Structure formats: C-alpha cells, structure tokens
Amino acid sequence: MKRYRSILASVSLLAFGGAMGGSSAAADWMAQANARIEQIRRQDVRVEVLDSQGKPVQDAQIAVRQIRKAFPFGAAIGRAFLNNARFQEFFKDHFNYAVFENETKWYANERAQGQERYADADAMFAWCQANGIPVRGHCVFWEPEKWQPRWLQPLTGDELRQAVERRLESVVTHFRGKFISWDVNNETLHGDFFKARLGESIWPWMFRRAHELDPDAKLFVNEFSILSVDKDFTEVQTDEYVAHVRWLIGQGAPIHGVGIQGHIWAEDILSKPEVIKDRLDKVATLNLPIWISEFDVAGLQLEPSVSVRPPRVAGAPASLECRSQHILPVGGAPYGAHLVICEVLQIHLRDDLVQPNNRIDLHALQAVGRLTGDWYCSTDEQYELRKPILR
C-alpha cells in the first residue's frame, strides 16, 4: 500500500455544541465553521494498493485506524502522578502532551534562597520522556507579587536583579533541550512585581536572556481574561493583550507564541461562539501561534440530564478545569488569512481524579471523553461510544 498524502483531521469548537442550543445563529455559525474546516483544513488522500508484482489491486477494501492524535492534547500533572499507575495509563490513553502543575514554578524550585530543587520535575520529565510525551515549561516567572517566593518579596535593586538572573540561568539551563517551550513571565497584565522594582525593561530582557540560554525553546506570553472574563474580574482584555505583545516585540523580545488561559466564568459565551472567534481574530493579527494553555467552564453541562461535578483541583471547585487543543481558522479573508494554532488545551485532572478506592471520578472523565471522543459515560455503570470531537 502506498500512501500519497497524509490525512488532516478536522477540529472545531464542537465541544461547546451542547450549550449553543438550537438557535438559528448557532446553526449559522456552525455551518460557517464547517465550511471553513472543509476549505482550509481538509485535503484528499489517495491510496494505491499493489500486489506482489506491483500491479494495482482492483476493488481492494481498505480500513483506516487512527493510532494517535494529530494535534497536541495534554494535561497538567503533579508529583503524586508518578505514584499512580492507573492514572498514568489513563494519561497515555488520552493525552499526548504534558505540563507540570507547580513543579517548575520558582516558589517550588527555590523555597529557601539558594536551595534549588528540581528532583520532582526531573522525575516527572523522565516519565514523560520514556513515554514519548513532550513537555511545556510553566513558568520561569509569575508577575503578581503573591506568587513570588517569600524570601524574594522584600528584595529590591541589585539584590532582586541578581536573583532574577540566577533564576533564569538555573531553570532554563537545567531544562535546556528538554522542554519544547516556556511561559517566560506569566500574567503581566495582572501584576507588576518585577516591573515596579526593576523597570519595564526587565520584561523584554527576560525573553532575550531565556532565548540566549535555550535557543530551541519556544517562548510564550500567557494571560487570562482574553477570550472571556475570568473569575472575580469584570473586563475582557483582548485589546490590551495584543498591544502588550506588540510592545514586547518592539522592545526586542523574542516571542514565538501567545498563550491564552481560557477561563470562562462570568459570560454566557458558550452560546456565542462567534464572540470567541472575534477575540481570537484580534490575537491572530500578531501572526503568532496561539495556544489555549488553560481552559475551564463554570457549570459545564454535557448533556441535558448529566451535570459535570469535577474534583476540586487547581483552586476551582465550581468548574471543570482543563486545558485543551483546538485549531481554528480565523481571520476574515478567504482561506483563512490567519490560521491560529491553539496548540495545547490541557485538562487539569491530576491525581485528584483517581479516588482513594482507585476508581476514577467518572463525572470528571465525562468531559474528557466528550472532548477526545474515546467514550462517553452516561451513568456510573454504562458506557456509550460517541462520535469523536477531537481527532
């Protein structure tokens, strides 16, 4: 069998289809989305079957079985993950990317000044590497003051600058050649710890220095309240984010991608997918890959009779926290002037998902199955195979 062209699987925002209802607006949007998928993201596949003499076989029957997902779809994992074999198997069955929940954040790596610790992250990376799972780095710095190591918070001037330099050289060098990307300075629209003490030039410098230390790692910004208003906030900051990234680039920061934390709490945005697309279109004007680095929806309803009651993870007891991956054609021009690659939508299942009796929390897994299409659980005892949403 000779394969001439590869199959491109289509992906859309069908994960939210149940919340859109039967309105004509929703139907129009879905029709437009499917038309874009057909036009931009699909191509023909020609398969030729030859016999042992190299002659074409007429009316041959061919079966195609997908053995792996074409696009990154991952999950955040923590140290306890390494002690749970069942969760590890579940992860390998459903995900192909990983990010560490806390194990590469500064407050976890250097709880006491000068005492750096990477043992947990090293063990987690070793497991991912052994299982062929790429890892994103999250995060070198986190701008809001509350997320700084306690010993760092009183520092100013040269002491703080030296600590920042040591942090970059330590963590980026330690994982050089291992992580495919880094969130360099998380949530700069919502904090100014380093900027207020070291000046705004510290922000682009962080990117430049990280790139010097690991030229192969893709460097990302990462922010929330971009697609929708986050919990305890009132305004979407899409325009501010785009302007901020443009400023960083103008200051010489090597930025290779834009991270969006898709926390959906306060807006009725699931019934208005065109609003999500419009906001993605704005970010797409940067002409950079867009990664949906986090995603959660408060009160997500998968079916009229089934409500998701996820485990309490990542400080979001009222929501299913996930990070997932979609590729969306955006931009108004024909054939998609901007093809936004929203790379890693990852589900925050962690070890909380597997309960003490070694049973997996089925309510949380309903959402995973709904996205991956592997299975869908309608009750605790019955399973149904459904058409996959992500392939």
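S.K.: Just checking my understanding: could you explain the overall build of the protein chain for this structure?
M.R.: Of the regular secondary structure elements, the protein chain holds eleven helices and 16 strands. When each of the 391 residues of the protein chain is scored for burial, the buried share is 51%. Taking the contacts inside the protein chain whose residues are at least 6 apart along the sequence as the reference set, 74% of them involve residues at least 24 apart. Counting every atom, the protein chain has about 18500 Å² of accessible surface; 47% of that belongs to carbon and sulfur.

S.K.: For this particular structure, what's the right way to read the pattern of salt bridges?
M.R.: Opposite charge on two side chains permits them to pair, given that their charged atoms come into close proximity. Using the criterion set out here, one finds eleven salt bridges in the structure. A salt bridge links Arg42 to Glu38; the shortest N-O distance between them is 2.9 Å. A relative accessible area of 43% places Arg42 in the partly exposed class. Residue Arg209 pairs with Glu212 through a salt bridge whose shortest N-O separation is 2.9 Å. With Arg209 and Glu212 both in helix H8 (residues 202-213) and three residues apart, this pair spans about one turn of that helix. Via salt bridges that share partners, Arg79, Arg117 and Asp120 belong to a single interconnected network.

S.K.: Sorry, what's going on with the pairing of strand S7 (residues 218-224) here?
M.R.: Looking down a regular strand, the side chains alternate between one sheet face and the other. Burial of S7 is extensive: six of the seven residues sit out of reach of the surface. The pairing of strand S6 (residues 181-186) with S7 spans five bridges and is parallel. Its bridge partner being in S7, Ser181 is matched across the sheet by Lys218. Here S7 runs beside strand S8 (residues 257-264); their pairing, made up of five bridges, is parallel. Following the sheet pairing, Phe224 is matched in S8 by Gln261. Read as a crossover between parallel neighbours, the route from S7 over helix H9 (residues 238-250) to S8 is right-handed.

Reading the values: the criteria
- Residues numbered from 1 in each chain as written.
- Predicted model: local features only at pLDDT ≥ 70, side-chain atom pairs only at ≥ 80, totals over all residues.
- Heavy atoms only, no water.
- Helix = DSSP H or I, 4+ residues; strand = E, 2+ residues; numbered from the N terminus.
- Buried < 20%, exposed > 50% of the residue type's maximum accessible area, 1.4 Å probe, protein only.
- Contact = heavy atoms within 4.5 Å.
- Areas by Shrake-Rupley, 256 points an atom, 1.4 Å probe, with all protein chains shown as cover.
- Salt bridge = Lys/Arg side-chain N within 4 Å of Asp/Glu carboxyl O.
- Pairing = 2+ DSSP bridges.
- Right-handed = clockwise from strand over helix to strand, strands pointing away.

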